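Inside the fold
The lines below spell out each chain.
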There are 2 protein chains.
Amino acid sequence: MAALTEFEVIERFFRRPSGSATLGIGDDAALVALSPGCELAVSVDMLVSGRHFFANDDPESIGHKTLAVNLSDMAAIGATPRWALLAGALPEVDTVWLAAFARGLFALADAHHVELIGGDTTRGPLTLSVTILGEVPTGQALLRSGAKPGDSIWVSGRLGDAALALAHAQRQLALHIEELAACARALSMPIPRVALGERLRGIATAAIDISDGLTGDLGHVLHASGVGATIDLAAIPRGAAMKRLLSGAERELALRCLLAGGDDYELCFTVPRGRDSSLGDLARELGLALARIGTIDDRAGIVVRDESGRDLADLPRGFDHFAP
Amino acid sequence: MAALTEFEVIERFFRRPSGSATLGIGDDAALVALSPGCELAVSVDMLVSGRHFFANDDPESIGHKTLAVNLSDMAAIGATPRWALLAGALPEVDTVWLAAFARGLFALADAHHVELIGGDTTRGPLTLSVTILGEVPTGQALLRSGAKPGDSIWVSGRLGDAALALAHAQRQLALHIEELAACARALSMPIPRVALGERLRGIATAAIDISDGLTGDLGHVLHASGVGATIDLAAIPRGAAMKRLLSGAERELALRCLLAGGDDYELCFTVPRGRDSSLGDLARELGLALARIGTIDDRAGIVVRDESGRDLADLPRGFDHFAP
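Sequence order sets the numbering: in each chain, residues are counted from 1 along the sequence as written. Chain A is the first chain written and ligand 1 is the first ligand written, with later ones labelled in order. Local features in this predicted model are restricted to residues whose pLDDT is 70 or higher, and side-chain atom pairs enter the listing and the counts only when it is 80 or higher, whereas totals over whole chains, interfaces and linings include all residues. Hydrogens are left out, water is left out, and the side-chain values use all remaining heavy atoms of the structure.

1. Topic: the overall build of chain A
Counted only if it meets this: For helices the rule is a DSSP run of H or I covering at least 4 residues; for strands it is a run of E covering at least 2, with both sets numbered from the N terminus onward. Values of the radius of gyration come from C-alpha atoms, whereas the globule rule sets the reference at 2.2 Å times the count of residues to the power 0.38. Throughout, exposure labels follow a simple rule: accessible area from a 1.4 Å probe, protein chains only, divided by the maximum for the residue type, with under 20% read as buried, over 50% as exposed, and the rest as partly exposed. The contact criterion used throughout is that any non-hydrogen atoms of two residues lie within 4.5 Å. With residues, only the protein chains shown are counted as cover, and all accessible areas are computed by Shrake-Rupley using a 1.4 Å probe. Only four residue types enter the charge count: Lys and Arg as positive, Asp and Glu as negative, with His and the chain ends excluded. A charged residue contributes its charge at one atom only: NZ of Lys, CZ of Arg, CG of Asp or CD of Glu.
Scanning chain A from N- to C-terminus turns up ten helices and eleven strands. The C-alpha atoms of chain A give 20 Å as radius of gyration, which agrees with the globular expectation for 324 residues (20 Å, within 12%). Summarising its shape, the C-alpha atoms of chain A cover approximately 65 × 50 × 35 Å along the three principal directions. Relative to its full complement of 324 residues, chain A shows a buried share of 59%. Summarising the internal contacts of chain A: among those between residues at least 6 apart in sequence, 85% fall at separations of at least 24. Surface summary for chain A: the accessible area is close to 12600 Å², and the carbon and sulfur share equals 53%. Placing the 29 positive and 41 negative side-chain charges of chain A at their respective mean positions leaves the two points 5 Å apart.

2. Some remarks on the side chain of His-52 of chain B
Spelled out, the test is: Here a polar contact is taken to be a pair of N or O atoms separated by no more than 3.5 Å, where protein atoms must pair a possible hydrogen donor with a possible acceptor and residues adjacent in sequence count only if both atoms sit in side chains.
Turning to its location among the elements, His-52 of chain B is positioned in the loop between strand E2 (38–48) and helix H2 (59–77). A polar contact is formed between the side chain of His-52 of chain B and the backbone nitrogen of Val-48 of chain B, at a distance of 2.9 Å.

3. Topic: the packing of aromatic side chains
Applied cut-off: Note on aromatic contacts: the rings of Phe and Tyr and the six-membered ring of Trp form a pair at centre separations within 6.5 Å, being stacked when their planes are under 30 degrees apart, edge-to-face when over 60 apart, and tilted otherwise.
All chains considered together, the criterion is met by four aromatic pairs over all chains. Through a chain of ring-to-ring contacts, three or more aromatic side chains come together here, namely Phe-14, Trp-97 and Phe-101 of chain A.

4. Observations concerning the sheet that holds strand E1 (residues 30–32) of chain A
Which entries qualify depends on this criterion: Paired strands, as defined in this entry, are two strands with at least two bridges between them according to DSSP. An axis is simply a line fitted to the C-alpha atoms; with a helix, the fit covers only the stretch in contact. Between two such axes, the angle follows the N-to-C directions and lies from 0 to 180 degrees.
On the basis of which strands lie adjacent, the open sheet formed by five strands has the order E1(A)-E2(B)-E5(B)-E3(B)-E4(B) and mixed pairing. Strands at the two margins of the open sheet, each flanked by one partner only, are E1 of chain A together with strand E4 (115–123) of chain B. For this sheet, the mean angle separating the axes of adjacent strands, direction not counted, is 20°. Note: E1 of chain A against E2 of chain B, three bridges, orientation antiparallel.

5. Concerning the interface of chain B and chain A
Selection criterion: Accessible-area loss on putting two parts together, using a 1.4 Å probe and summing over both, is the definition of buried area adopted here. Definition used for salt bridges: Asp or Glu carboxyl oxygen within 4 Å of a side-chain nitrogen of Lys or Arg.
Each partner contributes to the interface: chain B provides 64 residues, whereas chain A provides 64 residues. Both sides of the chain B and chain A interface together cover about 5100 Å² of buried area, and 62% of this is carbon and sulfur. The interface formed by chain B and chain A includes four salt bridges. The shortest N-O distance in the salt bridge between Asp-27 of chain A and Arg-144 of chain B comes to 3.7 Å. On the surface where chain B and chain A come into contact, there are 16 residue pairs in polar contact (both at pLDDT 80 or more). Per element, the largest residue contribution to the side of chain B that touches chain A is nine residues, and it comes from E2 of chain B.

6. Some points on the confidence of the model for chain A
This is how the line gets drawn: A residue's pLDDT is the predictor's confidence in that residue, given on a scale from 0 to 100.
Residue-level pLDDT values for chain A average 92, and 96% of them are 70 or greater. Across the assembled chains, the prediction reports ipTM 0.90 with pTM 0.92.

7. Let's talk about unusual backbone geometry
Residues and elements named next belong to chain A. Even without glycine at this site, His-113 takes up a positive phi of about 55°. Tracing the backbone shows His-113 in the loop between helix H3 (95–111) and strand E4 (115–123). What makes His-113 exposed here is its relative accessible area of 68%.

8. Thoughts on the environment of Arg-256 of chain A
Residues and elements named next belong to chain A. If you trace the backbone, Arg-256 turns up in helix H9 (residues 251–260). Judged by its relative accessible area of 46%, Arg-256 is partly exposed. A sequence separation of 229 residues divides Arg-256 from Asp-27, and the C-alpha atoms of the two residues are 47 Å apart. Ignoring any residue separated from it by four or fewer positions in sequence, one finds Arg-256 in contact with Gly-261 and Pro-316.

9. Considerations on the environment of Asp-306 of chain A
Residue and element names in this part refer to chain A. Here Asp-306 lies in the segment after strand E11 (301–305). Look at Asp-306 and you get buried, because its relative accessible area is 13%. Placed 269 residues apart in sequence, Asp-306 and Gly-37 show a C-alpha to C-alpha distance of 46 Å. Excluding its chain neighbours within four sequence positions, the residues that come into contact with Asp-306 are Leu-233, Arg-251 and Leu-312. A polar contact is formed between the side chain of Asp-306 and the backbone nitrogen of Ser-308, at a distance of 2.9 Å.

10. Things to note about the relation of the copies chain B and chain A
Cut-off, in case you're wondering: Residues reaching a pLDDT of at least 70 in both copies supply the C-alpha atoms on which the copies are superposed by least squares.
Here chain B sits on chain A after a turn of 180° about the axis and a move of 0.0 Å along it, with an RMSD of 0.0 Å. Overall, the copies show the geometry of a two-fold rotation axis. An overlap of 100% is found between the interface residues of chain B and their copies at the interface of chain A, pointing to a shared contact surface.

11. Examining the pairing of strand E6 (residues 152–156) of chain A
Residue and element names in this part refer to chain A. Of all five residues in E6, five are buried, a share of seventy percent or more. Here E6 shows a buried face lined by Ser-152, Trp-154 and Ser-156 and a second buried face lined by Ile-153 and Val-155. Direction of pairing for E6 relative to strand E9 (residues 267–271): antiparallel, over a ladder of four bridges. Bridge pairing in E9 places Ile-153 opposite Thr-270. Sheet topology places E6 next to strand E10 (residues 290–297); five bridges connect them, and they run antiparallel.

12. Comments concerning the environment of Leu-85 of chain A
Note that Leu-85 of chain A resides in strand E3 (residues 80–90). For Leu-85 of chain A and Glu-8 of chain A, which are 77 residues apart along the polypeptide, the C-alpha to C-alpha distance reads 17 Å.

13. A look at the pattern of salt bridges
Residue and element names in this part refer to chain A. Scanning the model with the defined rule gives 28 salt bridges over all chains in all. One salt bridge in this structure joins Arg-251 and Glu-307, with 3.1 Å as the shortest N-O distance. Within this pair, whereas Arg-251 is found in helix H9, its partner Glu-307 is found in the segment after E11, the two being separated by 56 residues in sequence. We classify Arg-251 as partly exposed; its relative accessible area is 22%.

14. A closer look at the packing of helix H4 (residues 161–169) of chain A against helix H5 (residues 177–188) of chain A
All names here are of chain A. Rule in force here: For this classification, under 35 degrees means roughly parallel, over 145 means roughly antiparallel, 65 to 115 means roughly perpendicular, and everything else is oblique. Classification convention: Asp, Glu, Lys, Arg as charged; Ala, Val, Leu, Ile, Met, Phe, Trp, Tyr, Cys, Pro as nonpolar; all other residues, Gly among them, as polar.
Relative orientation of the contacting elements H4 and H5 amounts to 105°, with a least axis distance of 7 Å. Taken together, H4 and H5 sit at an angle that is classed as roughly perpendicular. Residues Asp-161, Ala-162, Leu-164, Ala-165, Leu-166 and His-168 of H4 touch H5, and the partners they reach there are Leu-180, Cys-183, Ala-184, Ala-186 and Leu-187. Tallied by class, residues from the contact of H4 with H5 come to nine nonpolar, one polar and one charged.

Below, the structure is given as structure tokens:
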């Protein structure tokens, strides 16, 4: 079989009948109309082979994750994702790989009623970039800048599993087989908290998704809001592997995964103290654990209190994509 | 000096005071409001080092071209570009390179009142992707699908110079020094025809930008419109270098550059025969050459008549980014 052209790659794997878009893939640009009373929320992420995923990862999970990280940005700003565009550099046209990648991407897109409306493919080192477009009622977006002293700090799900899976893959620690299954899933198939982001409109004063680690991403909220935070280490939600490692010889590394591990894609958000009680109902309704982990205060910086009430020294830093 | 973090790269080189956007760089997503009565036009392009530019090219011209190819997509659909997002994988944080790249990108953005509202940077093989957002009055976009038999086919500027510069760089032919200056500029600093695209609303029946070569891109219009075309080779606008080469021993290669050379970023568009006369006025007003190169007909495919009225055999194909 002759190699597919760029045009044929898009036609065969990524073009589908148009849904809500006025014009989808196949012209110089896509056209969409916004719902009345809404602003457009837009974000872009770039994933590089060997840095955000491994070249030999299951292509279906790469397709999932490529879109998931962008959906997570929509969740973090409280927007409803609507449309996506995909740009990809591929080392070769591997139809088996492309079919699996598209399957993973479209499964997640379909689950969120997101339509792929644009694409560009070229030959090059495996690099994937998704632009996500969403809608949010005008003025209701969840910004990083609204946290106030006295607000409670909450996170969804549990933290650090993805970082543990990565540490295991890099032979920095050894997970048991059932621990690995749970953690590897967090790393390769993260679940963007879209419904939570939508429901936090009008409740949360600030929000961010945890892509680079709790302390780093919460730090962005604190910086934008001009406030500080005190975190209760024992309140940070964690899985079985994290619990075991935190009470053992690998506690330092586990702490780093819990506090600064990237790729969790849970939401961290702040709510006025008086709204805390409503979050229990929301957690039950969404079937998603929500945990109160600390309080916003007016002293700059992050203090983490350990299990015995002492301040943790030397907080681990967030993940930086330029770190070697 | 310590290496800059990902966050600092965006802050230092790409973040500017917000303009028309509700929320620019610095949160999980940007927020923009559309003008009343407009649809959103959106497109993405990916440029890979060694394929769309050379790693040792002037970074200012790389910055220009990275945005120019996207502005050209807005021109081709008749949209007014408004906002852009940049995703980049960079092999290292080279502040001199980044400053020059940003200078080239922002010079072109400013000239078109386009605001950079989002960005993502990571370490990786040099790969750049811009998403462009624009506005077009609802229902007035220039699609590929509207060409009708009898319509005239027009192109802006002149074709093939960028391909000649590339052929020179690859030692397939030798340009004279003053020819090289003109052709190299077409390759590295293409001018997106934004004002032309906006003015063609209500006039053109179909439009596309010539990024992959005239025959290939016109072919997309013909396919989408269900029509064919006859092109008059002598009417295709060309520069001095192209004229010299077409009448010499390198005619075959020159013909390929003229008919199928990528990277011109001129517009190819169709207009009802009765509107031909208005294009002379438009050309004078925009200070941009516009040439009528052929006619849409109802027989599928492209026929190119050479200078003596004979059909050219073996039309060169358009540029394919997956070709080796």
